[in-house]
Amino acid sequence: MSDWQAIFSIARRWLIVLVGGLSAGLALYFGSLFLKDKIQVELSAVQAADNALQTSLAGKQTDLNNLQDDIDRFTVLRQQGLVGKADRAGWIEQLLASHRRSGLPDTLSYALQVPKPLAQQGGAADPAAPQVDAAPGAATGPQFYDLNMELSNIQEEELLALLRDYQAQVNGRFRVNACTLSGRSDIGLSAHCTLRFFTVPDGPTKPPAQ
């Protein structure tokens, strides 16, 4: 074998090795590009799913916060006597207690009327109506109760002080629906007032009868 043939044989072997190396390098290069694109697609899908989960979680957290706020407001209203069973006996007891604390003459008379649906709310009830002590039937919706009270030999300031004390102490929400002052004399005047309490049952309401 001549020297050129030997050199050519060696060069051919190295050329084959070089071509094989280049082929392997190209395969790795294009393979890495393919894997990179695939990983990028999968990463984008994972990020989109994560964003969706974060959005869902934020929405659920907002709903939870709103629900907690509603529960807190409901608890406050229940504590104030607006929601739940009407404390009819407590209203009368606190009126008598407020009257005793006021030191006013023992001229107080009162009459707590039967409950009525809030939709029927109208003018003041008749102060001369008889007192009703029987417990009302099961409430089926928002109701109001008129507590009629009469006082004589009283001054306007004393009446206001009595109402403020009663409002601060009573377990219930009411408004002064009507108040008439008459018979002014040297020892005072007569007051005829209607205090309107409101309650909302905390159970499911019944649909009206058809």
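Relevant structure appears above.
The following paragraphs examine the structure supplied in this document. (Residues numbered from 1 in each chain as written. Predicted model: local features only at pLDDT ≥ 70, side-chain atom pairs only at ≥ 80, totals over all residues. Heavy atoms only, no water.)

1. Considering the nonpolar core
Nonpolar side chains in soluble globular proteins tend to be buried together. So the rule is basically this: Among buried residues, the Ala, Val, Leu, Ile, Met, Phe, Trp, Tyr and Cys ones that are joined through side-chain atoms within 4.5 Å form a nonpolar core. When accessible area is computed with a 1.4 Å probe and restricted to protein chains, residues below 20% of their type maximum are described as buried, those above 50% as exposed, and intermediate ones as partly exposed. Whether two residues are in contact is decided by their heavy atoms: any pair within 4.5 Å suffices.
In terms of nonpolar packing, the biggest core is built from 23 residues, with Trp91, Leu147, Met149, Tyr166, Leu195 and Phe197 touching the most fellow members. Here Trp91 is in contact with Ala86, Leu112, Tyr145, Tyr166, Val170, Asn171, Gly172, Phe197 and Thr199, once residues within four sequence places are set aside.

2. Quick look at helix α2 (residues 88–102)
Think of an α-helix as 3.6 residues a turn; residues three or four steps apart then line up on the same face. Here is the rule: Put simply, DSSP H or I for four residues or longer makes a helix, DSSP E for two residues or longer makes a strand, and each gets a number counted from the N terminus. Each residue after the first adds 1.5 Å to the expected span of a helix.
A rise of 1.5 Å per residue sets the reference length of α2, with its 15 residues, at 21 Å; its end C-alpha atoms lie 21 Å apart and thus fit the reference within 8%. Arg88, Gly90, Trp91, Ile92, Gln94, Leu95, Ala97, Ser98 and His99 are the residues of α2 that are buried. Among the structural elements, β1 (109–112), β3 (143–154), α3 (156–169) and β5 (188–199) are those in contact with the buried residues of α2. Phi for Gly103, located one or two positions after α2, is positive at around 70°.

3. Some words on the environment of Val176
Tracing the sequence through the fold places Val176 in strand β4 (residues 173–185). Each C-alpha atom, one on Val176 and one on Leu195, is 4.7 Å from the other, the two residues being 19 residues apart in sequence. Each residue touching Val176, except ones within four places of it in the same chain, is listed here: Leu163, Thr194 and Leu195.

4. Focus: the pattern of salt bridges
The criterion, for reference: By salt bridge we mean one thing: a side-chain nitrogen of Lys or Arg within 4 Å of a carboxyl oxygen of Asp or Glu.
Applying the stated criterion to the full structure yields three salt bridges. One salt bridge connects Arg101 with Asp165, and the closest N-O pair in it is separated by 2.7 Å. Here Asp165 lies in helix α3 and Arg101 lies in helix α2, a separation of 64 residues in the sequence. Judged by relative accessible area, Arg101 falls into the partly exposed class, the value being 48%. The salt bridge involving Arg184 is made with Glu156; its shortest N-O contact spans 2.6 Å. Taken together, the residues span a long stretch of sequence, with Arg184 in strand β4 and Glu156 in helix α3 at a distance of 28 residues. Since its relative accessible area comes to 58%, Arg184 is described here as exposed.

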